[in-house]
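Notes for the structure review
The lines below spell out each chain.
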Amino acid sequence: MVDSTLCSDMIAYHHWDGKVDKTWQRKAVNHIFSMQLPDGGWNIYFGGPPDVNATIKGYLALKLAGVPVTDPRMLKARQVALSLGGVPRMNTFSRLYLALLGLFPWEYVPTIPCEVILIGKWFHVNFWEMSSWTRSMLVPLSIINHFKPTRRPKNITLDELYPEGYHERDLALPPDPQGFTWRNFFIWLDRLHKFAEKFAEHNIHPFRKRALKKAEQWMLERFDGSDGLAAIFPAMLNALIALKALGYPDDHPEVIRAERELKRLEHETEDDLRIEPCFSPVWDTAIVTICLHESGVSEQHPAMKKAVDWLISKEIRFRGDWQYKNPAKVEASGWAFEYENKWNPDVDDTAMVLLALRKVPTDNPRRRDECFQRGLDWTMTFQCKDGGWGAFDKDCTKNILEKVPFADHNAMLDPECADITARILELLGYEGVDLDNPQVNEAIQFIREHQEEDGSWYGRWGVNYIYGTWQVLRGMRALNWNMKELWLLKARDWLESVQHQDGGWGERCSTYDDPVFKGQGPSTATQTAWAVMGLCAFDDPNLPSLKRGIEYLIRTQNEDGSWTEHEITGTGFPKVFYLKYDMYRNAWPLLALATYRNILEEAEAKANGDVNGVVTAFASEEVLA
């Protein structure tokens, strides 16, 4: 579940395509209105402020759908859009969608040249240095950029969303006032690209024909074995538009397939329609398997065997795009987030799946063991130069790419992060990897170097510092590290310092914009569970803050066993796109309660051991998930 922008984009697409299903559109309009804020704008996460891109996209979609601009809700939306800077403040990708509808001049959309796909690894800045999701978005966008297939709906403008009236001086990318900087260099380079585009328009560009063909082939090749390009909404929609720009007819099998995959992301009711950015079955199944096992469900339970057998069946035995940054001689393995996405397995999903596989031997333990070992060997080859792990690629960290004009989606790179690195340490700890292992040492050094002054860690894939801090503490505990070391106690103290009076923890996506908001936000079951598990790493069930956290989870549980949660706790692209995993609100609290029960039992066993003259220094790895 995400913000309103996906519905807005699809309405805009259907009007660009000239095929509008009125019943579908009515439901989409209802959904967009249902997410409008009281002040008239739209935000990108629950409880957040209005966002300029989401607000203008929502306004445009409603206008295209025939909602009168004099409607009070439209007037309020217009006022919010103007107060946020209007169309000139939209990001590159939003501007490009406006340009497709003839509502923004292509001249002021940063050029995405097809030729970038031709630049080989020999060049410092090349196609494979971009993150996997950026590559998947940019390739179809580069095709769109070449053809510029503008289709302007009748009687539609956005002139009213320019605060100082429409003037081209407000549309150009503002240069860096410091003079010679990388940003200014790329702005100058963009002007050079614009000049080169004039040659491309007359078919005399020396590389364009070859680059276009390469981009088309790259895109079509990656449709195979995937639920759409990269199995994620932006790339899938861009790919469909690119196919039509290339001249593929509506009845072409690739067009039909692209439309079908997008349709699968839609969820319709009688009066409402929402769109998911992607599916997360592998991730959810792995987490739930771990939670159920830790809460007492036997590994012999048919549901557990069935879940792990399914996870094993989703192993990707194919050398996808990861091989370009990681040419290690390792047997292909790994797991993706979605049902099918063979080109893009990722380290985080793989680590979570391995944590689940080790719990259930299945009816074929040998098959499970071989699968586990392949996945572990594959994961270990992704450790980056500084000791950490990123998500999809290895050493995808060239910051210069963040200066290019179309990098304002804040996702050009795939940097190493503490949360993924710590999850891998957790896995290695349970597997009994020696603390003297060089890769473990490098990872711990990375973790320590990235600790914040206050003791917390930044969370790249979950919101935010609570997520990062929990995972680091859990990982270090799994390694049987001495949890009394000062740097770990500092992390514990930070968690306790941001506990709310109600006993819970909560944090909003605003922390990505400004860390001053760390630990602030309504308490949630998910983030409370993370904090509880972080405190459980210290093996003291009588810790007052821990007991208060457990009491919060018990007190807020619904009669049917679930928890209610409206806040966003998942991260897509920080500052740009966030995710609400509906499974989180029930799975993580279950694991937190099970973990607390286990350390409580371990403490009792230890007390009995003291009586008998036997003291256990640390809990065994089977105690914690």
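It should be emphasised that the depicted structure is a prediction, and the values quoted were computed from it without experimental measurement.

Rules and cut-offs
- Residue numbers run consecutively from 1 along every chain, following the written order of its sequence.
- Reporting of local features is limited, given that this is a predicted model, to residues whose pLDDT is at least 70; pairs of side-chain atoms are given and counted only at 80 or more, and all residues count toward the totals for whole chains, interfaces and linings.
- Water and hydrogen atoms were dropped before computing side-chain values, which therefore reflect all heavy atoms in the structure.
- Every helix listed is a DSSP run of H or I at least four residues long, and every strand listed is a run of E at least two residues long, numbered separately from the N terminus.
- Salt bridge criterion: a side-chain nitrogen from Lys or Arg within 4 Å of a carboxyl oxygen from Asp or Glu.
- Each residue's exposure class comes from its accessible area (1.4 Å probe, protein chains only) as a fraction of the maximum for that residue type: buried when under 20%, exposed when over 50%, partly exposed otherwise.
- Only heavy atoms enter the contact rule, under which two residues are in contact if any of them lie within 4.5 Å.
- Between the first and last residue of a helix there are one fewer steps than residues, each counted as 1.5 Å, and that sum is the expected span.
- Whether two aromatic rings pair depends on their centres lying within 6.5 Å, for rings of Phe, Tyr and Trp, where Trp uses its six-membered ring; planes under 30 degrees apart make the pair stacked, over 60 edge-to-face, and the rest tilted.
- Put simply, a charge is over a ring when the Lys NZ or the Arg CZ is close to the ring centre, within 6 Å, and near the line of the ring normal, within 35 degrees.
- The nonpolar core is taken to be a set of buried Ala, Val, Leu, Ile, Met, Phe, Trp, Tyr and Cys residues, with the residues joined through side-chain atoms within 4.5 Å.
- When DSSP finds two or more bridges between two strands, those strands count as paired.
- Where helices are involved, their axes are fitted lines through C-alpha atoms of the stretch in contact, as for all axes, and angles between N-to-C directions lie from 0 to 180°.
- Throughout, a crossing is termed right-handed when the near helix is turned clockwise from the far one, and left-handed when it is turned anticlockwise from it by less than a right angle.
- Just so you know the grouping, Ala, Val, Leu, Ile, Met, Phe, Trp, Tyr, Cys and Pro go in nonpolar, Asp, Glu, Lys and Arg go in charged, and all remaining residues, Gly too, go in polar.
- Think of a polar contact as two N or O atoms within 3.5 Å of one another; within protein, one of them needs to be a possible hydrogen donor and the other a possible acceptor, and neighboring residues in sequence only count if both atoms come from side chains.
- pLDDT measures the predictor's confidence residue by residue and takes values from 0 up to 100.

1. A word on the environment of G462
Residue position: G462 is located in the loop between α16 (438–449) and α17 (465–478). The spacing of G462 and L265 is 197 residues in sequence and 22 Å in space, taken between C-alpha atoms.

2. With respect to the pattern of salt bridges
Inspection of every chain in the model, using the stated rule, returns 41 salt bridges. The shortest N-O distance in the salt bridge between K213 and E216 comes to 4.0 Å. With a gap of three residues between them, K213 and E216 both fall in helix α8 (residues 208–221), about one helical turn apart. Taking the relative accessible area as the measure of exposure, E216 reaches 13% and is therefore buried. In this structure, the salt-bridge partner of D454 is K518, at a minimum N-O distance of 2.8 Å. Taken together, the residues D454 in the loop between α16 and α17 and K518 in the loop between α18 (486–497) and α19 (525–536) connect sequence positions 64 residues apart. In the salt-bridge network here, residues are joined through shared partners; they are D17, K19, R151, K244, D250 and E259.

3. Here's the deal with the environment of A592
One can find A592 in helix α21 (residues 584–611). For A592, the residues in contact, after removing those within four places along its chain, are A529, V532, M533, I550 and L553.

4. Describing helix α4 (residues 72–83)
The terminal C-alpha atoms of α4, which comprises twelve residues, lie 17 Å apart, in line with the 16 Å expected from a rise of 1.5 Å per residue. Buried residues along α4 sit against α3 (52–64). Two residues or fewer past α4, G85 is found with a positive phi of approximately 110°.

5. Here's the deal with the packing of aromatic side chains
In total, this model carries 27 aromatic pairs according to the counting rule given. Taking the centre distance of 3.9 Å and the plane angle of 10° together, the rings of W128 and Y324 count as stacked. In this pair, W128 sits in the loop between α5 (92–100) and α6 (132–147) while Y324 sits in the loop between α12 (302–313) and α13 (347–357), placing the two residues 196 residues apart along the sequence. Since its relative accessible area comes to 11%, W128 is described here as buried. Ring geometry for W133 versus W461: centroids 5.8 Å apart, planes at 80°, classification edge-to-face. Of this pair, W133 sits in helix α6 while W461 sits in the loop between α16 and α17; the two residues are 328 residues apart in sequence, bridging distant segments of the chain. When sorted by exposure, W133 lands in the same class as W461, which is buried. Through successive ring pairs, a cluster of aromatic residues spans F337, Y467, W470, W530, Y581, Y584 and W588. For the cation-ring pair, R151 lies above W16, with the distance from its terminal atom to the ring centre recorded as 3.9 Å. It is K359 that lies over the ring of Y430; its NZ or CZ is 5.9 Å from the centre.

6. Let's talk about the nonpolar core
V87, L158, M219, L357, M476, L546 and W588 are the most contacted members of the largest nonpolar core, which has 194 residues in total. Among the elements that make up this core, the one with the highest residue count is helix α9 (residues 233–245) (nine residues).

7. Digging into the pairing of strand β3 (residues 570–573)
With three bridges connecting them, β3 and strand β4 (residues 577–579) associate as antiparallel partners. The residue of β4 that forms the bridge with F573 is F577. Here β3 folds back onto β4, and the loop between the two strands holds three residues, one of which, K575, carries a positive phi near 75°.

8. Comments concerning helix α1 (residues 5–17)
For α1, with 13 residues, the first-to-last C-alpha span of 18 Å sits near the 18 Å given by 1.5 Å per residue. Most of α1 sits out of view: 13 of its 13 residues are buried. Positive phi appears at G18, one or two residues downstream of α1, with a value of about 80°.

9. Observations concerning the packing of helix α2 (residues 22–34) against α3
Contact geometry for α2 and α3: axes closest at 10 Å, N-to-C directions at 145°. Crossing angle aside, the handedness with which α2 passes α3 is left-handed. Packed against α2, whose contacting residues are V29, I32 and F33, the element α3 presents G58, A61 and L62 at the interface. Among the residues forming the contact of α2 with α3, the class breakdown is five nonpolar, one polar and no charged.

10. Some words on the side chain of K359
As for its position among the elements, K359 is in the loop between α13 and α14 (365–380). Here E294 takes part through its side chain, which lies 2.9 Å from a polar atom of the side chain of K359.

11. Some thoughts on the confidence of the model for the protein
Of the residues in the protein, 95% reach a pLDDT of 70 or more, and the chain-wide mean stands at 92. Overall, residues 611–625 carries pLDDT values under 50, and its contacts beyond four positions in sequence, including any with other chains, amount to 38 contacts.

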